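Spelled out from the first residue to the last, the chains are:
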Amino acid sequence: MKRMISALGIALATTLAAGACGGLGSTASDAPSPIGPVPELAPDQQVSIVFESYNYGMAGAWTDTFDALLTEFRAAHPNISVTAQKPQGNSPNPATDTISSIQNQLVAGAPPDVAQLGFSDLDFTVNALRAKPLDALVGRDAVRRNFDGAEHGYAPRARTLADWNGQTYGVPFVFSTPVLYYNATLFAQAGLDPDRPPTTWRQVAEAAEAITAATGKDGVYIDCLTKTAKDWCFQSLVRSNGGRVLTEDRRTLTYAEDAAVEVTKMAQDLVRGGAMPALNQKQGYEAFGRGEIGMILETSAIQGQFVKGAQDRWDLRSAPMPSFGDKPTVPTNSGASLYILSDDPAKQRAAWQLIEFLTSERAYVRIAQGIGYLPLRTGLLDDEDGLRDWARRNPLLAPNVAQLATMEPWISMPGNNYLQIRDGMMDAVEAVVFHGADPKSTLTAAQEQGRKLLPVA
């Protein structure tokens with residue numbers, strides 16, 4: 001079913017947003033007008049804010065980690081009351097409900113003050129949801145100081161992921177790049193060398209076939225090919241094969257071109273040959289966690305579940321994203337940034353203080369250890385008071401950190417109909433890979449439907 005932007009939500013966007021092309025192709029008029037700086041809070045000034053996070057809506061390590069962080073923040077800021085909530089909706093993946101949840105609350109006149117929103121939503125977040133430009137709200141120097149940190153700065157490529165037209169609207173919070181996790185125990189049982197994981201997709205196919213033949217287990221699952229998985233990892237596969245899903249000027253969809261067609265055909269062949277099971281996203285990562293699949297291309301957000309599943313049962317390891325032959329891999333990022341949506345100056349200042357805390361060195365130590373997300377302040381990995389010892393005990397993060405050097409942004413689709421465009425593309429990908437549809441004609445038909453939904457330039 002196509003996910004529709006609600007009529008009420010569209011009514012929130014002005015004609016400025018409706019005509020926006022977004023991204024690098026936007027003009028300055030596409031962004032909201034600058035706002036003035038907000039004053040600091042008085043020490044005894046009581047402020048209540050609402051923080052909405054899709055990670056908070058996930059059971060286990062995610063919510064436990066966020067609860068611990070918010071408890072620590074409240075202790076350090078007794079004048080700021082923070083209510084944490086998950087997105088309103090019934091999806092098994094709370095991240096899927098985030099935009100509709102925010103829209104509904106905006107219509108009701110009570111949006112959250114600070115929200116965790118995906119990079120896929122950047123265009124809509126800035127131009128329709130009216131996230132506040134942080135450079136104007138708290139000043140460029142404050143934004144820069146936060147990125148620089150008390151001791152360890154953000155990785156350079158991570159700093160600008162939530163920028164729009166030269167302004168910073170969000171602070172990148174949690175994300176991963178595609179990592180090839182693998183079951184070294186199954187590798188050994190299949191006569192493969194666990195110390196030499198596949199580096200190309202051809203090698204992945206060969207290893208998957210060997211695992212299935214020798215053990216009866218499934219060979220590989222690529223968690224990039226369903227609508228539920230969104231398109232961050234699919235974009236990485238297409239970029240790594242020399243293509244794009246959207247032109248750099250953000251005016252033309254290109255996911256029916258050869259590079260994308262070849263990606264879907266490669267995955268379809270894995271399914272047809274019996275090397276990859278036809279599972280949905282949740283089934284795929286749960287099966288790998290139980291030791292029933294030899295390899296999975298996945299975000300590190302699931303790493304904690306894999307570690308728990310493998311403990312005392314099988315040998316979990318990780319490797320960089322495989323390449324298409326000798327083409328360089330282009331990892332894109334999953335995840336989200338933190339944005340301020342409140343119009344109240346006191347709440348805006350309190351929200352900024354929460355963002356500063358949640359993206360601090362202390363917070364990233366908890367997030368990396370508790371969930372497995374990348375610590376965006378990568379210097380923590382070499383800090384004996386930070387994550388050095390933990391990183392040595394947990395080598396699974398190493399490929400993810402290394403891929404930061406060549407990472408490219410997860411590109412948001414343009415305009416108010418961006419979810420329909422994105423989901424239509426991924427519906428087509430899923431039909432090709434798991435249901436045997438013809439790659440070229442299926443992607444072409446979806447691209448033509450998506451073209452009709454693009455904003456007028």
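Residues numbered from 1 in each chain as written. Predicted model: local features only at pLDDT ≥ 70, side-chain atom pairs only at ≥ 80, totals over all residues. Heavy atoms only, no water.

1. Digging into the sheet that holds strand β9 (residues 293–298)
- Reading across from one edge, β8-β9-β7-β10 is the order of the 4 strands in this open sheet, with mixed pairing throughout. The open sheet has two free edges, formed respectively by β8 (218–222) and β10 (316–319), since each of these has just one partner strand. Taking the axes of each pair of neighbouring strands and ignoring which way they run, one obtains an average angle of 20° across the sheet.
- Sheet analysis places β8 next to β9, joined by 4 bridges and oriented parallel. If you follow aspartate 218 over to β9, its bridge partner there is isoleucine 293.
- Strand contacts of helix α13 (residues 303–310): β7 (179–183), β9 and β10, with the helix running at about 145° to β10, the strand carrying the most contacts. (Pairing = 2+ DSSP bridges. Helix = DSSP H or I, 4+ residues; strand = E, 2+ residues; numbered from the N terminus. Axes fitted to C-alpha atoms, helices over the stretch in contact; angles between N-to-C directions. Contact = heavy atoms within 4.5 Å.)

2. Describing the pattern of salt bridges
- Inspection of every chain in the model, using the stated rule, returns 19 salt bridges.
- Between glutamate 40 and arginine 349 there is a salt bridge whose closest N-O contact spans 3.6 Å. With glutamate 40 in the loop between α2 (15–18) and β1 (47–52) and arginine 349 in helix α14 (residues 345–358), this residue pair connects regions lying 309 residues apart in the sequence.
- Of the residues examined, glutamate 40 reaches a relative accessible area of 59% and is grouped as exposed.
- Among the residues examined, arginine 349 registers a relative accessible area of 8% and is labelled buried.
- In this structure, the salt-bridge partner of arginine 244 is glutamate 248, at a minimum N-O distance of 3.5 Å. (Salt bridge = Lys/Arg side-chain N within 4 Å of Asp/Glu carboxyl O. Buried < 20%, exposed > 50% of the residue type's maximum accessible area, 1.4 Å probe, protein only.)

3. Focus on the side chain of glutamate 298
- Tracing the chain through its elements places glutamate 298 in strand β9.
- The buried charged residue glutamate 298 lacks any salt bridge, with lysine 282 as its nearest oppositely charged partner at 12 Å.
- Beyond its immediate chain neighbours, meaning those up to four positions away, glutamate 298 contacts Thr177, Pro178, Val179, Tyr181, Asp223, Tyr285 and Phe306. (Lys, Arg positive; Asp, Glu negative; His and termini not counted.)

4. With respect to the layout of surface pockets
- The computed volume of the largest pocket comes to approximately 910 Å³.
- Looking at the largest pocket, it is lined by 38 residues, and the ones nearest its centre are Met58, Asn93, Ala95, Thr228 and Gln281.
- Secondary-structure elements contributing two or more residues to the lining of the largest pocket are α12 (281–289) and α18 (418–435).
- A per-class count over the lining of the largest pocket returns 15 nonpolar, 14 polar and 9 charged.
- Formed jointly, the lining of the largest pocket draws a minimum of three residues from each of two domains, domain 1 (47–176 + 334–404) and domain 2 (178–331 + 413–453). (1 Å grid on protein atoms, 1.4 Å probe; cavity = no way out; pocket = protein on both sides within 12 Å on 5 of 7 lines; lining within 4 Å. Points joined across faces, edges and corners; volume = space filled by probe spheres on them. Nonpolar A, V, L, I, M, F, W, Y, C, P; charged D, E, K, R; others polar. Domains from an automatic or database assignment.)

5. Notes on the sheet that holds strand β6 (residues 170–174)
- Ordered by their spatial adjacency, 5 strands build an open sheet running β2-β1-β3-β11-β6, and the pairing between neighbours is mixed. Taken across any chain shown, the strands that pair with only one partner, and hence form the sheet edges, are β2 (80–85) and β6. The average undirected angle you get between the axes of adjacent strands in this sheet is 25°.
- Bridge count between strand β3 (residues 114–118) and strand β11 (residues 336–340): 5 bridges; the pairing is antiparallel. Paired with glycine 118 across the two strands is alanine 336, which belongs to β11.
- Contacts from α14 reach β1, β2, β3, β6 and β11, with the element oriented near 55° to β1.

6. Quick word on the state of the cysteines
- Summed over all chains, the structure comprises 1 disulfide.
- A sulfur-sulfur distance of 2.0 Å marks the disulfide that ties cysteine 224 to cysteine 233. You'll find cysteine 224 and cysteine 233 in the same group, each marked buried. (Disulfide = S-S within 2.5 Å.)

7. Topic: the pairing of β1
- Judged from the 6 bridges that link them, β1 and β2 form a sheet pairing that is parallel. Among the inter-strand pairings, valine 47 is bridged to a residue of β2, identified as isoleucine 80.
- Relative to β3, β1 runs parallel, the two being bridged by 2 bridges. Residue pairing in the sheet places glutamate 52 in a bridge with alanine 115 of β3.

8. Considering the environment of asparagine 79
- When you line up the elements, asparagine 79 lands in the loop between α3 (61–76) and β2.
- For asparagine 79, a relative accessible area of 10% translates into the label buried.
- Once the C-alpha coordinates of asparagine 79 and leucine 237 are considered, the two residues, 158 residues apart in sequence, prove to be 47 Å apart.
- Only 3.0 Å separates the side chain of asparagine 79 from the backbone oxygen of glutamine 45, close enough to count as a polar contact. (Polar contact = N/O pair within 3.5 Å; in protein donor to acceptor, adjacent residues only side chain to side chain.)

9. Side note on the packing of α12 against α13
- For the pair α12 and α13, the least separation of the axes is 8 Å and the interaxial angle reads 35°. Contacts from Tyr285, Phe288 and Gly289 in α12 reach Gln305, Phe306, Gly309 and Ala310 in α13.
- Tallied by class, the residues present in the contact of α12 with α13 amount to 4 nonpolar, 3 polar and no charged.

10. A short note on α14
- Look at α14: 20 Å from first C-alpha to last across 14 residues, which is about the 20 Å you get at 1.5 Å a residue.
- Among the 14 residues of α14, 11 are classified as buried, and the element is accordingly described as predominantly covered.
- Where α14 is concerned, the buried positions are Ala346, Gln348, Arg349, Ala350, Ala351, Trp352, Gln353, Leu354, Ile355, Phe357 and Leu358.
- Where α14 begins, one side-chain oxygen reaches toward the backbone nitrogen of alanine 346, 3.1 Å away; that side chain belongs to aspartate 344. (Expected span 1.5 Å × (residues − 1).)

11. Quick notes on the domain arrangement of the protein chain
- Each domain of the protein chain was delimited in the assignment, giving domain 1 (47–176 + 334–404) and domain 2 (178–331 + 413–453).
- On a C-alpha basis, the centres of domain 1 and domain 2 stand 27 Å from each other.
- Across the contact, 24 residues belong to domain 1 and 30 residues belong to domain 2.
- The contact between domain 1 and domain 2 buries some 2,000 Å² in all, and 52% of this surface belongs to carbon and sulfur atoms.
- Counting every contact that joins domain 1 to domain 2 gives 1 salt bridge.
- Here aspartate 123 ties to arginine 250 by a salt bridge, and the two come within 3.0 Å at their closest N and O atoms.
- At the boundary of domain 1 with domain 2, the tally comes to 9 residue pairs in polar contact (both at pLDDT 80 or more).
- Class assignment of the residues belonging to the side of domain 1 that touches domain 2 gives a composition of 14 nonpolar, 8 polar and 2 charged. (Buried area = accessible area lost by both parts, 1.4 Å probe.)

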